[in-house]
Amino acid sequence: MSPTIFTFRPLDPLTDAELLHRWVTHPKAAFWMMQDAKPEDVERAYTEIAADEHHHALLGLDRDGAPAFLMEYYDPAHRELVGLYEPQPGDIGMHFLTPATDAPVHGFTRSVITAVMARLFEDPAVRRVVVEPDVSNRAVHALNEAVGFVPEREIQKPEKKALLSFCTREQFENAVVPA
């Protein structure tokens, strides 16, 4: 697959809710845990994120400027992982979602996670990315490993058993930059 150039824009909970609703309620998005959400539930959830100083949502846009994926990032000292591990200065948490498609493109999701990680590491204050996917989400574990994540341990979150994993800037660069 040729390199895909993605750009990012802040998610607008009002104008993007319908699109997000299609994405997060699709059966292939089961790990997003919004299968039964109504459009107003999605709008409310992302309105809360938009108002939260410790949690942010962006849409990844393709070369034509069309929404291609969802990216969230958060401060794990204040959201998602509070009390489940000892955050270090420079830690940032991340989630991403690629929508289901009838015409999958080989390498697309790997391009997405690579772009998400590069975007996070654009901030010089970010030293390490933290993820906590469901332990049974083997596909995302493989993607995480491909961009440099190293699993630390399983943790129990209120909504799932998760695999706590970390990726430093150096691990990311070593994983994605050819020698």
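First, a word on scope: everything that follows refers to the structure included in this document. Keep in mind the model is a prediction, meaning the values are calculated, not measured. (Residues numbered from 1 in each chain as written. Predicted model: local features only at pLDDT ≥ 70, side-chain atom pairs only at ≥ 80, totals over all residues. Heavy atoms only, no water.)

Points about the packing of aromatic side chains
Across all of its chains, the model carries 5 aromatic pairs by this definition. Ring centres of F8 and F69 lie 5.7 Å apart, and the angle between their planes is 80°; on these two criteria the pair is classed as edge-to-face. With F8 in strand β1 (residues 7-10) and F69 in strand β3 (residues 67-74), this residue pair connects regions lying 61 residues apart in the sequence. Here Y85 and F166 contribute two aromatic rings whose centre-to-centre distance is 5.5 Å and whose plane-to-plane angle is 50°, an arrangement assigned as tilted. Remark: F166 occurs in strand β7 (residues 161-168) and Y85 occurs in the loop between β3 and β4 (91-97); sequence separation between them is 81 residues. As far as burial versus exposure is concerned, Y85 and F166 are alike and both buried. A cation over an aromatic ring shows up here: R119 above the ring of F8, its NZ or CZ 5.5 Å from the ring centre. (Phe/Tyr/Trp six-rings, centres within 6.5 Å; stacked < 30°, edge-to-face > 60°. Helix = DSSP H or I, 4+ residues; strand = E, 2+ residues; numbered from the N terminus. Buried < 20%, exposed > 50% of the residue type's maximum accessible area, 1.4 Å probe, protein only. Lys NZ or Arg CZ within 6 Å of the ring centre and 35° of its normal.)

Some points on the packing of helix α1 (residues 13-25) against helix α2 (residues 39-50)
α2 packs onto α1 with a crossing angle of 120° between their chain directions and a minimal axis gap of 8 Å. Taken as axis vectors, α1 and α2 run oblique relative to one another. Both α1 and α2 take part in a crossing whose hand is right-handed. The residues of α2 that touch α1, namely those facing P13, L14, A17, L20, H21 and V24, are P39, V42, E43, Y46, T47 and A50. (Axes fitted to C-alpha atoms, helices over the stretch in contact; angles between N-to-C directions. Parallel < 35°, antiparallel > 145°, perpendicular 65-115°, else oblique. Left-handed = near helix turned anticlockwise from the far one by under 90°. Contact = heavy atoms within 4.5 Å.)

Topic: the sheet that holds β4
Strand order in the open sheet made by the 7 strands is β1-β2-β3-β4-β5-β7-β6, with mixed pairing throughout. The two strands at the open ends of the sheet, each matched to only one other strand, are β1 and β6 (150-156). Each strand axis lies, on average, 30° off the axis of its neighbour in the sheet, ignoring direction. Relative to β7, β6 runs antiparallel, the two being bridged by 6 bridges. Bridge assignment links P151 to a residue of β7, and that residue is S165. Set on the sheet, α1 makes contact with β1, β2 (55-61), β3 and β4; between it and β3 the angle comes to about 90°. (Pairing = 2+ DSSP bridges.)

Looking at the side chain of N144
Mapping N144 onto the fold places it in helix α4 (residues 138-146). Beyond its immediate sequence surroundings of up to four residues, N144 is in contact with I113, V131, P133 and F149.

Regarding the pairing of strand β5 (residues 128-131)
The alternating pattern of β5 places R128 and V130 on one face and V129 and V131 on the opposite face, and all of these are buried. Bridge analysis of β4 against β5 gives 3 bridges, and the strand direction is parallel. Bridge pairing links I92 to V129 in β5. Once you follow β4 into helix α3 (residues 108-121) and on to β5, the crossover reads as right-handed. (Right-handed = clockwise from strand over helix to strand, strands pointing away.)

Re unusual backbone geometry
Positive phi is not limited to glycine here, since E80 has a value of about 65°. Assignment of secondary structure puts E80 in the loop between β3 and β4. Residue class for E80 comes out partly exposed when judged on its relative accessible area of 30%.

Let's talk about the environment of H26
If you trace the backbone, H26 turns up in the loop between α1 and α2. Excluding anything up to four places from it in sequence, H26 contacts Q35 and A100. At a separation of 2.9 Å, a polar atom in the side chain of H26 contacts the main-chain amide nitrogen of K28. (Polar contact = N/O pair within 3.5 Å; in protein donor to acceptor, adjacent residues only side chain to side chain.)

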